[in-house]
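This is what each chain is made of:
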Amino acid sequence: MDLVETARALVLEHHPDARAAFLGGSVVTERRTAMSDLDVVVVLHGAPAPYRVSFRGAGWPVEMFVHTEGTWGAYVGREVSKGRSPLLFMCAEGELLFDVDGVGARLAAEARELVAAGPPVVDGEVVEDLRYAITDLLDDLAGSGDRNERLFIAGELARRTGELALVVRRSWRGGGKWLARRLEVAAPGLGDRLRHGVREVLDGRDELLVSVVDEVLGEAGGRLWAGYRRGGTSS
């Protein structure tokens, strides 16, 4: 049984009345590995959606995201506003397993349109927050002689710098492996340069990583520390 048949059978086993279902994620791409799971989006008429569940089925680790048409739109809307939406991409780029009444085709078309349009423009405060956090980490790196501290500072610098690079390019964002994959598209070569910079920090040399980080910071207005201010809440 191939992946599509396996995923379709798992959906029908758990939700025989499902309206539509998608198989998405790395498993449907050339990046599939021995650790890939089946990311499955299921569309129901109503309860028990929405929910998500992780389980093993047919020998596969399965992540099932169960929605109605309405909750799908609400969840995607919230995710898109944050510039990263795994649910959106699972339906835009995934395999439509079945579509009883046309809802699957509608959601796939909407998802593809949203992906093509790109994420919304990021609020200026978000950019400032990233600039401030990265500047603070650069200061921490310059002041630390502890190898363990420097490991985590360098890793956090690479992650935050990658996020900032995607933000200034108005590119879709992601976490973990998806941050690396989004960078490959939006800023070719930057991931490699950050990786080499982190490696040099572990060998006691900061210059390359600091140079790459400052280059990305320069695209967003440079380092920011003095004058940075955020208000609190009274409650």
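Our structure is the block above this text.
Just so we're clear, the structure is a prediction, and the values are computed from it rather than from any experiment.

> Can you walk me through the nonpolar core in this structure?
Nonpolar side chains in soluble globular proteins generally cluster together in the buried interior. In this structure, Ile134, Leu157, Leu164, Leu183, Leu190, Leu209 and Val213 are the most contacted members of the largest nonpolar core, which totals 27 residues. Sorting the residues of this core by element identifies α5 (124-143), α6 (147-168), α7 (177-186), α8 (190-202) and α9 (207-220) as the ones contributing at least two each. Counting residues per element, this core draws most heavily on α6, at 8 residues. What Leu209 contacts, discounting residues up to four positions off in sequence, is Leu141, Ala154, Leu157, Leu194, Gly197, Val198 and Val201. Grouped together as the second largest cluster of nonpolar side chains are 20 residues, Leu87, Phe89, Met90 and Cys91 included.

> So what exactly am I meant to see when it comes to the packing of aromatic side chains here?
Here the distance between the centres and the angle between the planes together describe a pair of aromatic rings. Under the definition given, this model contains 2 aromatic pairs. Taking the centre distance of 4.1 Å and the plane angle of 10 degrees together, the rings of Tyr132 and Tyr228 count as stacked. Here the residue Tyr132 occupies a position in helix α5, and Tyr228 occupies one in the segment after α9, the gap between them amounting to 96 residues. Residue Tyr132 is classed as partly exposed on the basis of its relative accessible area of 25%. By relative accessible area, Tyr228 is classed as partly exposed at 24%. Residue placement shows Arg181 over the ring face of Trp178; its charged tip is 4.7 Å from the ring centre.

> Where do I start with the layout of surface pockets in this structure?
In this approach the atoms are scanned with a rolling probe the size of a water molecule, which exposes any empty space left behind. Each pocket or cavity is described by its volume, and for the largest pocket that value is around 1100 Å³. If you trace the largest pocket, you find 45 residues lining it, with Ser85, Pro86, Phe89, Trp178 and Arg182 closest to the centre. Those elements that provide at least two residues to the lining of the largest pocket are β3 (51-57), β4 (60-68), α2 (69-81), α3 (86-93) and α7. Top contributing element to the lining of the largest pocket by residue count: α7, with 7 residues. Residue composition of the lining of the largest pocket, by class: 16 nonpolar, 12 polar and 17 charged. Here the second largest pocket defines a volume of roughly 260 Å³. Along the walls of the second largest pocket sit 15 residues, with Ala180, Leu183, Gly191, Asp192 and Leu194 positioned nearest its centre. Looking at the lining of the second largest pocket, the elements with two or more residues in it are α6, α7 and α8. A per-element tally of the lining of the second largest pocket places α8 first, with 5 residues. Of the residues belonging to the lining of the second largest pocket, the class tally is 7 nonpolar, 4 polar and 4 charged.

Cut-offs and rules
Residues numbered from 1 in each chain as written. Predicted model: local features only at pLDDT ≥ 70, side-chain atom pairs only at ≥ 80, totals over all residues. Heavy atoms only, no water. Core = buried A, V, L, I, M, F, W, Y, C linked by side-chain atoms within 4.5 Å. Buried < 20%, exposed > 50% of the residue type's maximum accessible area, 1.4 Å probe, protein only. Helix = DSSP H or I, 4+ residues; strand = E, 2+ residues; numbered from the N terminus. Contact = heavy atoms within 4.5 Å. Phe/Tyr/Trp six-rings, centres within 6.5 Å; stacked < 30°, edge-to-face > 60°. Lys NZ or Arg CZ within 6 Å of the ring centre and 35° of its normal. 1 Å grid on protein atoms, 1.4 Å probe; cavity = no way out; pocket = protein on both sides within 12 Å on 5 of 7 lines; lining within 4 Å. Points joined across faces, edges and corners; volume = space filled by probe spheres on them. Nonpolar A, V, L, I, M, F, W, Y, C, P; charged D, E, K, R; others polar.

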